[in-house]
Amino acid sequence: MSTTLFPRPVAGDCADYYFKYINQVPEVDILTYLHTQRDWYGDFIEQLTPELAQHRYAQDKWSLAEMIGHIMDTERVFAYRMLAISRDDHNHLPGFDQDVYVSHSIYHDIPPAELAQDWRSVRSSTIYLARHMNPEMAARLGTANNQPVRASSFPYIMAGHVLHHYAVARDRYLKI
């Protein structure tokens, strides 16, 4: 059902820059993938030590905990955009400044177990939002950050965004 409801985005479904995330997502049922990703990424976060979570790989870079917080903030913003567009809201949805969001957060001080719980909650909310859409809702096109975007694109964008930052965590924070 969800493959039809959420077909893989193609040109015109969203801004071209989102394909750097979308192209990382494997060819799978996206709602199943969101669920699986919720679990393995939550386990990854939960296994971090407080020292690793607070590590910055360079001066003026986010701590690993702040990067995880950025993922959650972005998921919340994208889920709202998916909600608004799927409900036929014709307002132009604003962009957001990720650096301002992180600099005005307390993610750096949140223990990994609590970050993991927050992540699982945020992603679960996204999954339920997507599950409770019909084909007409998912196919709707709206405007976010001055770019056209189809509601059905967001599950792929969110999944790819996590994959992108997980690779950053492996390569720059943990070197694994």
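What counts, and where the lines are drawn
- Residues numbered from 1 in each chain as written.
- Predicted model: local features only at pLDDT ≥ 70, side-chain atom pairs only at ≥ 80, totals over all residues.
- Heavy atoms only, no water.
- 1 Å grid on protein atoms, 1.4 Å probe; cavity = no way out; pocket = protein on both sides within 12 Å on 5 of 7 lines; lining within 4 Å.
- Points joined across faces, edges and corners; volume = space filled by probe spheres on them.
- Helix = DSSP H or I, 4+ residues; strand = E, 2+ residues; numbered from the N terminus.
- Nonpolar A, V, L, I, M, F, W, Y, C, P; charged D, E, K, R; others polar.
- Axes fitted to C-alpha atoms, helices over the stretch in contact; angles between N-to-C directions.
- Parallel < 35°, antiparallel > 145°, perpendicular 65-115°, else oblique.
- Left-handed = near helix turned anticlockwise from the far one by under 90°.
- Contact = heavy atoms within 4.5 Å.
- Buried < 20%, exposed > 50% of the residue type's maximum accessible area, 1.4 Å probe, protein only.
- Salt bridge = Lys/Arg side-chain N within 4 Å of Asp/Glu carboxyl O.
- Expected span 1.5 Å × (residues − 1).
- Polar contact = N/O pair within 3.5 Å; in protein donor to acceptor, adjacent residues only side chain to side chain.
- Pairing = 2+ DSSP bridges.

## Some words on the layout of surface pockets
Moving on, step 1. Here the largest pocket is characterised by a volume of approximately 490 Å³.
Moving on, step 2. Forming the walls of the largest pocket are 23 residues, and the residues nearest its centre are Tyr21, Trp62, His70, Gln98 and His165.
Moving on, step 3. Of all the secondary-structure elements, those providing two or more residues to the lining of the largest pocket are α2 (19-22), α5 (64-86), α6 (98-103) and α9 (154-174).
Moving on, step 4. Looking at the lining of the largest pocket, the element that brings in the most residues is α9, giving six residues.
Moving on, step 5. The residue inventory of the lining of the largest pocket, partitioned by class, reads ten nonpolar, eight polar and five charged.

## With respect to the packing of α5 against helix α7 (residues 112-131)
Moving on, step 1. Close contact between α5 and α7 brings their axes to 10 Å; oriented N to C, the two are set at 20 degrees. The angle between the axes of α5 and α7 places the two elements in the roughly parallel class. Regarding α5 and α7, the two cross each other, and that crossing is left-handed. Between α5, through Ala65, Ile71, Met72, Glu75, Arg76, Ala79, Met82 and Leu83, and α7, the contact on the second element is made entirely by Leu115, Asp118, Trp119, Val122, Arg123, Thr126, Leu129 and Ala130.

## So, unusual backbone geometry
Moving on, step 1. The residue aspartate 60 is not glycine, and still its phi comes out positive at about 70 degrees.
Moving on, step 2. Its relative accessible area of 73% is what places aspartate 60 among the exposed residues.

## A short note on the pattern of salt bridges
Oppositely charged side chains are able to pair whenever their charged atoms sit close together.
Moving on, step 1. Under the counting rule described, the total for this entry stands at eleven salt bridges.
Moving on, step 2. One salt bridge in this structure joins aspartate 43 and arginine 120, with 2.8 Å as the shortest N-O distance. One end of the pair, aspartate 43, is in helix α3 (residues 30-46); the other, arginine 120, is in helix α7, with 77 residues separating them in the sequence.
Moving on, step 3. Across the pair arginine 56 and glutamate 66 runs a salt bridge whose closest N-O atoms are separated by 2.8 Å. With a gap of ten residues between them, arginine 56 in the loop between α4 (50-53) and α5 and glutamate 66 in helix α5 connect regions that are remote in the sequence.
Moving on, step 4. One network of salt bridges, with partners in common, ties together Asp43, Glu46 and Arg120.

## A word on α9
Moving on, step 1. With 21 residues, α9 extends 28 Å between its outermost C-alpha atoms, agreeing within 8% with the 30 Å of an ideal straight helix rising 1.5 Å per residue.
Moving on, step 2. Burial of α9 is extensive: 17 of the 21 residues sit out of reach of the surface.
Moving on, step 3. Lysine 175, located one to two residues past α9, shows a positive phi value of around 50 degrees.

## Examining α7
Moving on, step 1. Over its 20 residues, α7 runs 28 Å from end to end, which matches the ideal 28 Å to within 8%, given 1.5 Å per residue.
Moving on, step 2. Along α7, the residues that are buried comprise Pro112, Leu115, Ala116, Trp119, Val122, Arg123, Ser124, Thr126, Ile127, Leu129 and Ala130.

## Description of the environment of arginine 76
Moving on, step 1. Of note, arginine 76 is situated in helix α5.
Moving on, step 2. C-alpha separation for the pair arginine 76 and valine 122, spaced 46 residues apart in sequence, amounts to 7.0 Å.
Moving on, step 3. With residues near it in sequence (within four places) discarded, arginine 76 still touches Tyr107, Asp118 and Val122.
Moving on, step 4. A distance of 3.4 Å separates the side chain of arginine 76 from the side chain of tyrosine 107, its partner in a polar contact.

## Let's talk about the pairing of strand β2 (residues 147-150)
Moving on, step 1. Inspection of the sheet shows strand β1 (residues 141-144) paired to β2 by four bridges, in the antiparallel sense. Looking at β2, one finds that threonine 143 is bridged to proline 148.
Moving on, step 2. Between β1 and β2, which pair antiparallel in sequence order, lie two residues; one of them, asparagine 145, sits at a positive phi of approximately 55 degrees.

## A look at the packing of α3 against α9
Moving on, step 1. Close contact between α3 and α9 brings their axes to 10 Å; oriented N to C, the two are set at 25 degrees. The orientation of α3 relative to α9 falls into the category roughly parallel. The crossing of α3 and α9 is left-handed. Between α3, through Ile30, Tyr33, Leu34, Gln37, Trp40, Tyr41 and Phe44, and α9, the contact on the second element is made entirely by Pro155, Tyr156, Met158, Ala159, Val162, Leu163, Tyr166, Ala169 and Leu174.

Nothing here speaks to function; it is geometry throughout.
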